[in-house]
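Structural overview
As a plain string of letters, each chain reads:
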Amino acid sequence: HLEPMEQGRALRTLSAGSDVICIWSVVEEDAPLGSERDRLKRREARASAALDKLEQAGISGNDLVTALVERSRARRELGDDDGALADLNRARRVKASDAYRWRAREDLTTLLIEHGYYAGANKLIGELRDDGADESYSDWLTAQVHAAQGQAHVAWEILRRLERVTSSEG
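Fair warning: this is a prediction, and the values are worked out from it, not measured in the lab.

Observations concerning the overall build of the protein
- A tally of helices and strands in the protein yields 7 helices and 0 strands.
- Reading the secondary structure of the protein in the N-to-C direction produces α-α-α-α-α-α-α.
- In the protein, which comprises 170 residues, the proportion classed as buried is 41%.
- Restricting to contacts in the protein with at least 6 residues of sequence separation, those with at least 24 account for 58%.
- On the protein, roughly 9,800 Å² of surface is accessible, and the fraction owed to carbon and sulfur atoms is 49%.

Below, the structure written as structure tokens:
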């Protein structure tokens, strides 16, 4: 369950165009059989099965982070942001190699930005920077925070300086 980190802060509705740069789509609940929703449910089930096998075998590290991130992405596309949040919070705490930790933090940062948790997103961006992640991608995420807060000019100034942005996935 997503809750504001700052007391008294509430989620707010954003209007497309003037308030947001990115709009996430959610698959409709009543989509026909054989639909995109079915494909996403199968994707989530495969990731859950992989997680079960990894946990039963006592395997952690990069493999566990990969399965958690994959399931979080499927959950997010299905509209289960709370499930995605749980997976990503767990993934970012698993001891894994740099790129895998960064991937979990990057995905979690975008989820927090989407829901207006800017302090949490900024904290994660700081963790990415401290951990050696790509500075340009951290700047990109910082610009997303500013844009989501209605600070388009600040976001634009950050984006203008970027030449090559590389996420943890390349």
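Examining the pattern of salt bridges
- Scanning the entire structure with this criterion turns up 19 salt bridges.
- Arginine 90 is the partner of glutamate 55 in a salt bridge, and the nearest nitrogen-oxygen pair spans 2.5 Å. Taken together, the residues glutamate 55 in helix H1 (residues 36-57) and arginine 90 in helix H3 (residues 81-93) connect sequence positions 35 residues apart.
- Owing to a relative accessible area of 38%, glutamate 55 belongs among the partly exposed residues under this scheme.
- You can call arginine 90 partly exposed: its relative accessible area is 34%.
- Arginine 73 is the salt-bridge partner of aspartate 107, the closest N and O atoms lying 2.7 Å from each other. Highlighted residues: aspartate 107 in helix H4 (residues 98-114) and arginine 73 in helix H2 (residues 61-77), separated in sequence by 34 residues.

Remarks on the environment of arginine 71
- Tracing the backbone shows arginine 71 in helix H2.
- Between the C-alpha atom of arginine 71 and that of lysine 41, which follows or precedes it by 30 residues, the distance is 9.9 Å.
- Side chain to side chain, arginine 71 and aspartate 87 meet in a polar contact 2.7 Å long.

Notes on the environment of lysine 41
- Along the chain, the position of lysine 41 falls in helix H1.
- On the basis of relative accessibility, which here comes to 42%, the residue lysine 41 falls in the partly exposed class.
- Sequence separation between lysine 41 and arginine 75 is 34 residues; the distance between their C-alpha atoms is 8.3 Å.

Calculation criteria
Residues numbered from 1 in each chain as written. Predicted model: local features only at pLDDT ≥ 70, side-chain atom pairs only at ≥ 80, totals over all residues. Heavy atoms only, no water. Helix = DSSP H or I, 4+ residues; strand = E, 2+ residues; numbered from the N terminus. Buried < 20%, exposed > 50% of the residue type's maximum accessible area, 1.4 Å probe, protein only. Contact = heavy atoms within 4.5 Å. Areas by Shrake-Rupley, 256 points an atom, 1.4 Å probe, with all protein chains shown as cover. Salt bridge = Lys/Arg side-chain N within 4 Å of Asp/Glu carboxyl O. Polar contact = N/O pair within 3.5 Å; in protein donor to acceptor, adjacent residues only side chain to side chain.

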